[in-house]
Amino acid sequence: MATATAAGVDIAAREPVALAKPEGQWTIVLRRFRRHRLAVFSLALIAVIFLASLIAPLIAPFSRDGVNPALRFSPPLTPSVEAGKIHILGTDHVGRDTFTRLLYAARITLSVAVTVATLSTLIGMTVGALAGYYRGMIDEALMRILEFMSSIPTFPILLILASVLNQDPRLLPFPDFLVNIISGIMLIDAQKESRSVLVVILVITIFGWTGAARLMRGMVLSVRERDFIESARALGANNLWIIGRHVVPNAFPPLIVAYTLSLAEGLTTEVALSFLGLGITDPTPTWGNMLNFSTQFMLTHPWAPLIPGIPVVLSSLAFNFIGDGLRDALDPRLKM
Amino acid sequence: MVNYLIRRLFVILAMALIVSFVSFVLLSIAPGGPLQEIFAMQSLSTRLDPDLIERTMKRYDLDLYLIPRYLRWLTGHPRGPLEINGQSYFGDLQVGCLKEGRARLVYPDGRVVEIDCEKPVFLRDLVGRPVSNGILALDFGKSTQILREQPVMRLFESRIGNTLLLMGLSTFLSIAIAIPLGILSAVKQYSRFDYIFTTLAFIGSGMPTLFMGILGILIFAILFKELGLPYLPAGTAISARDTVVPLFGTIKAGSFVDRLWHLVLPVAVLTIFNLASWSRFIRSSMLEVLRQDYVRTARAKGLVERLVIVKHAMRNALIPFVTLLAGVLPGLFGGAIITESVFNYPGMGRLFIAALTAGDYNVAIAFILISTFLVLIGYLMSDVLYTVVDPRIRLS
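### Notes on the domain arrangement of chain B
Partitioning chain B into domains gives domain 1 (34-137) and domain 2 (152-212 + 272-389). Computed from C-alpha atoms alone, the centre-to-centre distance between domain 1 of chain B and domain 2 of chain B is 47 Å.

### Overview of a nonpolar patch on the surface
Nonpolar side chains collect at one region of the surface, where Ile219(B), Phe220(B), Leu223(B), Leu227(B), Leu229(B) and Leu247(B) lie side by side and expose about 570 Å² of accessible area between them. Relative to the helices and strands, Leu227(B) resides in helix 7 (residues 209-227).

### Section: the interface of chain A and chain B
Residue-level contacts link 38 residues of chain A with 39 residues of chain B. Both faces combined, the contact of chain A with chain B buries some 3,400 Å², and carbon together with sulfur accounts for 86% of it. Joining chain A to chain B, the criterion identifies 0 salt bridges. If you look at where chain A meets chain B, you find 1 residue pair in polar contact (both at pLDDT 80 or more). Elements with a contribution of two residues or more to the side of chain A that touches chain B: helix 6 (136-150), helix 7 (154-167), helix 12 (239-275), helix 13 (287-296) and helix 14 (306-330) of chain A. If you tally residues by element for the side of chain A that touches chain B, the top one is helix 14 of chain A, at 10 residues. Residues that form the side of chain A that touches chain B fall into these classes: 27 nonpolar, 9 polar and 2 charged.

### A closer look at the environment of Leu165(B)
All names here are of chain B. Relative to the elements of secondary structure, leucine 165 occurs in helix 5 (residues 152-187). You can call leucine 165 partly exposed: its relative accessible area is 35%. Between the C-alpha atom of leucine 165 and that of isoleucine 370, which follows or precedes it by 205 residues, the distance is 16 Å. Sequence-distant contacts of leucine 165, defined by excluding residues within four places in its chain, comprise Arg259 and Leu263.

### Comments concerning the nonpolar core
Buried together is how nonpolar side chains tend to be arranged in soluble globular proteins. Val112(A), Leu159(A), Ile160(A), Trp287(A), Phe156(B) and Phe352(B) are the most contacted members of the largest nonpolar core, which has 126 residues in total. If you count residues domain by domain, this core takes at least three from each of domain 1 (34-137) and domain 2 (152-212 + 272-389) of chain B. Core analysis: the next-biggest nonpolar cluster, separate from the first, contains 19 residues, Ala186(B), Val289(B), Leu290(B) and Val308(B) among them.

Rules used in this analysis
- Residues numbered from 1 in each chain as written.
- Chains lettered and ligands numbered in written order.
- Predicted model: local features only at pLDDT ≥ 70, side-chain atom pairs only at ≥ 80, totals over all residues.
- Heavy atoms only, no water.
- Domains from an automatic or database assignment.
- Patch = residues over 30% accessible without salt bridge, like charges linked within 9 Å, V, L, I, M, F, W, Y side chains within 5 Å.
- Areas by Shrake-Rupley, 256 points an atom, 1.4 Å probe, with all protein chains shown as cover.
- Salt bridge = Lys/Arg side-chain N within 4 Å of Asp/Glu carboxyl O.
- Helix = DSSP H or I, 4+ residues; strand = E, 2+ residues; numbered from the N terminus.
- Contact = heavy atoms within 4.5 Å.
- Buried area = accessible area lost by both parts, 1.4 Å probe.
- Polar contact = N/O pair within 3.5 Å; in protein donor to acceptor, adjacent residues only side chain to side chain.
- Nonpolar A, V, L, I, M, F, W, Y, C, P; charged D, E, K, R; others polar.
- Buried < 20%, exposed > 50% of the residue type's maximum accessible area, 1.4 Å probe, protein only.
- Core = buried A, V, L, I, M, F, W, Y, C linked by side-chain atoms within 4.5 Å.

Below you can see the structure in the form of structure tokens.
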């Protein structure tokens, strides 16, 4: 149909397509990303989970910590007589509504993942850029730190740090505004619950920034010797301008990919920490501690671990697929 | 080469020292430990018994300052004043404080000094106090909570074999499967096999080990048992009593078959996880090598394709894999912690978690130290191996 009309129309009367503004870089990236079906689907999935967790207080049928002792371990779709509502995904070991807790947990788990990934990427970017650009002492120190951190078993040390910091609030007092921001975003009690969330964010970030720093340093090292940097310098640009305007944008594509992958890593680390009972603890719901409780009663209630487990796997895979799609879309050498 | 090894060993010792100090500081500023229990117990019944608290503090060196405490833990010294030719020195050095407050010290020569401590501990007070032989003599002290008063090493002895078995088996299987898989997938790039392989490997590496373990238990332990199929155990390392498995027969508790039967699921989970990332790595490294000129030369001079792949391409493709193996060692310990916890497997990782939860810090620190040391040795070994597989590289 379309070809028929096109063939029938006088060429001169057509829109002057060739003269239109050429596609921008990001339009091309977007177009290429859209071809990666799994990545697009993953993005949609993450968006849905995010949205659901954003409006959690509106759509949650029960209160987060409301206990119904008569209904423990009830299977999905059990009606609650006194409330006149249905426990869509059943109830947990003390009779709290699983669906409600899953929504609030999504909010906490995902915001921890996003905060951790953003913080560690920003820190890594800054440190890596400075070290790669200025070389010398800073670079030497950074390389030693990276070497040290990559050759020790970080996960056990991370566990120790989390367990120690979680035990005594006096060891590391967090400023009030941070506590309030966290409790506002994650809808948790500022006094009692914010702290362990902050500890988890801090601990994962401490061990999470090295990847981004290494990547950024490598990119900067390869970019800084190029001709356009030299001409920028010849034109009188100072170091800060060169780093911000020329070096960082050039190193950006792999960093975005690394960022999505560190989202997945932040998510699984938080889940693992809370699963082991050393991260965010009950009554604050996270996918990790929900998994912890449901696996304890797994032999008698086998379906229970699947409810928090499936969202964990889906979002972890989704972040990976998005990263994969972005990698393909951002690589100009790859013909699609 | 020898010079290099000696230098590296020094670096390893220095790093282990740093790690030991940092973990020691972390755990000594942490609340809990032996005192926590006394506080918890006594707050229930009567008032706190100051004598008991002081005894416990002395027993675990909790009254000492950080540095002398660390030194005693690390080396087993100081055990009292320095004795040289019957003369003792530094006996008056204050090394700790049993009770906060203020005190006046009157020296024999008439000096009077005010100090910020009601009951100071001096070096001479350490004489006769029980002490470990120090980390350097492989004495990690005593467990305070899990197995009270038992040496940490004894706790480890019963667990380390289980962990090594789990990690060794899964690492061996992963390597044995990853190499042919990765190479086959690279040689047949863009084939259906390659497509299925890359997708599965991608999913496998993105899937958290935690959930893979839970899923394994759900399917092979619970569902299979329900269905009357030959099932696998959900956890632990040996059965308490003989078990009858459908279509398979009786498994004697504690027998070799019983151990293997318990290892299947945890080993499979760890293997799948490693396999996914390692075989992808080998695939890309093989693809890189297949593009090289010397591979084209080998083909051009008429070598059989099999020889080209096995002798010319594969050997070179595996060189970077050697470094990768060292790089994943730290991660192996993390993965083992999670897998052991999911399967209730009595290994070092689960002991570590139990120690952290119970506040048994001597055990936790020993785990960190041992795993750090093993990892560092692993790195060293991979560097040496590198020179073996790649003669272009010389250590200096």
